[in-house]
Amino acid sequence: AYFGTGLVATSEDLGTQAEPPTHPELFDWLAVEVMDKGWRLKNLHRLIVTSATYRQSSRVTPERYKRDPFNRLLARGSRLRVDGELVRDIALRASGLLHPKVGGRSVYPPLPKFMLKPPVSYGPKVWHEETGPDRYRRALYTFRYRSIPYPALEAFDVPNGDFSCVRRTRSNTPLQALVTLNESQFVECAQALARRTVKHGGTLDKERLTYAFRCCVSRKPSKAESDALMVLLQRQKERFSKNANQAKELAATEEGDAAATIAAWTVVSRVLLNLDETITKE
């Protein structure tokens, strides 16, 4: 989970035909450490994330990459796309929509209606779409029928719920970009991030851009990044100032000049939420 590949690459198959551990001494030492500390896994997690090995930069030189492309020697920090549930949670958190409640019932976020009817499903199914704060709970709580996987999670390799999964696969496909750009809840996140930026980001566009950028990737934009995004913002402002209906539709809740401003920032927010860095752990 922390480094992208376990101590044994085939963690779902630990038989004699499996690939041997890359670090058998470390494997033994961690096992003894867990036992000596009373089997408290929280201590093990803290030990790993505070280690010098885990805190390394994920930057890699061509020479090191050629020698160890999959980082099995742990000579650099890991760099990998987060799990599917976290892709959605990151968008909710960056936009300020995330409902932090822990525990409780499963919830019903937006789902395409055709998925609840034949031939996609075995028959008409009930899906009471949430309208309150529960709509924005963590993806962990999303209700899923065995016969109807939740599409926004399925696209990011979240396994079915009808069997256990020890090791997930990770893919990078065009479909994933289409989900984060166009799926209804990700669009809501972009709209919410736009409103959050205009309300709390300051009065100048440059200040607002820095605020929105930090909400997504926890750092300030470089000059090149800032310049490119400012050009996009100005173009969108001009576009929506001439198309009031489009601005109102994308802004969702605003009118007049405010709609054009929110719509322009919504476009920028969609870009920020779709940065590789936004959904990549490194």
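Refer to the preceding data block for the structure.
All residue numbers refer to positions counted from 1 along the written sequence of the respective chain. In keeping with the predicted nature of the model, local features appear solely for residues at pLDDT of at least 70, side-chain atom pairs appear and are counted solely at 80 or more, and the whole-chain, interface and lining totals rest on all residues. To obtain the side-chain values, all non-hydrogen atoms of the structure were used and water was disregarded.

Visitor: What am I meant to see in empty space enclosed by the protein here?
Guide: It is the rolling of a water-molecule-sized probe over the atoms that shows where space remains empty. Points on a 1 Å grid over protein atoms alone make up a cavity when a 1.4 Å probe fits among them but cannot get out, and a pocket when they form an open set with protein on both sides within 12 Å along at least five of seven lines; lining residues each have an atom within 4 Å of a point. Grid points are joined across faces, edges and corners, and a volume is the space filled by probe spheres set on the points. The full count for this structure, using the stated rule, is 1 cavity of 30 Å³ or more. Its boundaries defined by the atoms lining it, the largest cavity holds a volume of some 30 Å³. We call Asp, Glu, Lys and Arg charged. Ala, Val, Leu, Ile, Met, Phe, Trp, Tyr, Cys and Pro are nonpolar, and the rest, Gly among them, are polar. Grouping the amino acids of the lining of the largest cavity by side-chain chemistry returns 1 nonpolar, 2 polar and 5 charged.

Visitor: What is the right way to read helix α4 (residues 84–95) from this model?
Guide: Residues three or four positions apart in an α-helix share a direction because the helix packs 3.6 residues into each turn. Here α4 spans 18 Å end to end across 12 residues, near enough to the 16 Å set by a 1.5 Å rise per residue. Among the 12 residues of α4, 9 are classified as buried, and the element is accordingly described as predominantly covered. For α4, the full list of buried residues reads Gly 84, Glu 85, Val 87, Arg 88, Asp 89, Ala 91, Leu 92, Ala 94 and Ser 95. Immediately downstream of α4, the backbone of Gly 96 shows phi near 85 degrees, a positive value. Think of it this way: any DSSP run of H or I at least four residues long counts as a helix, any run of E at least two long counts as a strand, and we number them from the N terminus. What a helix should span is 1.5 Å times the count of its residues minus one. Only protein chains enter the calculation, and the probe is 1.4 Å; a residue is then buried if its accessible area is under 20% of its type maximum, exposed if over 50%, and partly exposed in between.

Visitor: I tried to follow the nonpolar core on my own but got confused; where do I start?
Guide: Inside soluble globular proteins, nonpolar side chains tend to come together where they are buried. Side-chain atoms within 4.5 Å are what join buried Ala, Val, Leu, Ile, Met, Phe, Trp, Tyr and Cys residues into a set we call a nonpolar core. Counting 48 residues, the largest nonpolar core has Cys 216, Phe 240, Val 268, Leu 272 and Leu 273 as the members making the most contacts within it. Top element by residues in this core is helix α11 (residues 256–273). It accounts for 10 residues.

Visitor: Can you walk me through the pattern of salt bridges in this structure?
Guide: Should the charged atoms of two oppositely charged side chains come close, the side chains can pair. Throughout this description, the term salt bridge denotes a Lys or Arg side-chain nitrogen within 4 Å of a carboxyl oxygen of Asp or Glu. Summed over the entire model, instances satisfying the criterion amount to 16 salt bridges. Here Asp 134 ties to Arg 105 by a salt bridge, and the two come within 3.3 Å at their closest N and O atoms. With a gap of 29 residues between them, Asp 134 in the loop between α4 and α5 (151–154) and Arg 105 in the loop between α4 and α5 connect regions that are remote in the sequence. For Arg 105, a relative accessible area of 45% translates into the label partly exposed. Here Glu 129 makes a salt bridge to Arg 135, at a shortest N to O gap of 2.9 Å. Given a relative accessible area of 12%, Arg 135 falls into the buried group. Each of Lys 113, Glu 129, Arg 135 and Glu 188 takes part in a single network of salt bridges with overlapping partners.

Visitor: Help me understand the side chain of Arg 208, please; the structure alone is not making it clear to me.
Guide: Note on placement: Arg 208 falls in helix α8 (residues 205–217). This buried residue, Arg 208, is left without a salt bridge; Asp 205 holds the nearest opposite charge, at 4.1 Å. Polar contact is defined as a pair of N or O atoms within 3.5 Å, subject to the rule that within protein one atom must be able to donate a hydrogen and the other to accept it, and that residues adjacent in sequence are counted only when both atoms are side-chain atoms. A polar contact is formed between the side chain of Arg 208 and the backbone oxygen of Gly 202, at a distance of 2.9 Å. Contact criterion: two residues are considered in contact whenever any of their non-hydrogen atoms come within 4.5 Å of each other. Excluding anything up to four places from it in sequence, Arg 208 contacts Thr 197, Val 198, Gly 201, Gly 202, Thr 203, Thr 261 and Trp 265. In this tally, Asp and Glu contribute negative charge and Lys and Arg positive charge; neither His nor the terminal groups of the chain are included.

Visitor: What exactly am I supposed to notice about the packing of aromatic side chains here?
Guide: The relative placement of two aromatic rings is captured by the distance of their centres and the angle of their planes. Ring pairs are drawn from Phe, Tyr and Trp, using the six-membered ring of Trp, whenever the two centres fall within 6.5 Å, and their geometry is named by plane angle: stacked under 30 degrees, edge-to-face over 60, tilted for the rest. Per the stated rule, a full pass over the model turns up 8 aromatic pairs. Ring plane angle 85 degrees and centroid distance 5.8 Å describe the contact between Phe 3 and Tyr 54, whose orientation is recorded as edge-to-face. In this pair, Phe 3 is assigned in the segment before α1 (24–36) and Tyr 54 in the loop between α2 (41–49) and α3 (62–67), connecting sequence segments 51 residues apart. The exposure class assigned to Phe 3 is partly exposed, which follows from its relative accessible area of 22%. When the centroid spacing of 5.0 Å and the interplanar angle of 85 degrees are considered together, the rings of Phe 143 and Tyr 145 count as edge-to-face. Joined through ring pairs, the aromatic side chains of Tyr 108, Trp 127, Phe 143, Tyr 145 and Tyr 150 make up one cluster. For a ring to carry a charge above it, either NZ of a lysine or CZ of an arginine must fall within 6 Å of the ring centroid while also lying within 35 degrees of the normal to the ring plane. The ring centre of Tyr 145 lies 4.8 Å from the NZ or CZ of Lys 125, which sits over that ring. Arg 137 extends its terminal NZ or CZ atom over the ring of Tyr 141, reaching a point 3.9 Å from the ring centre.

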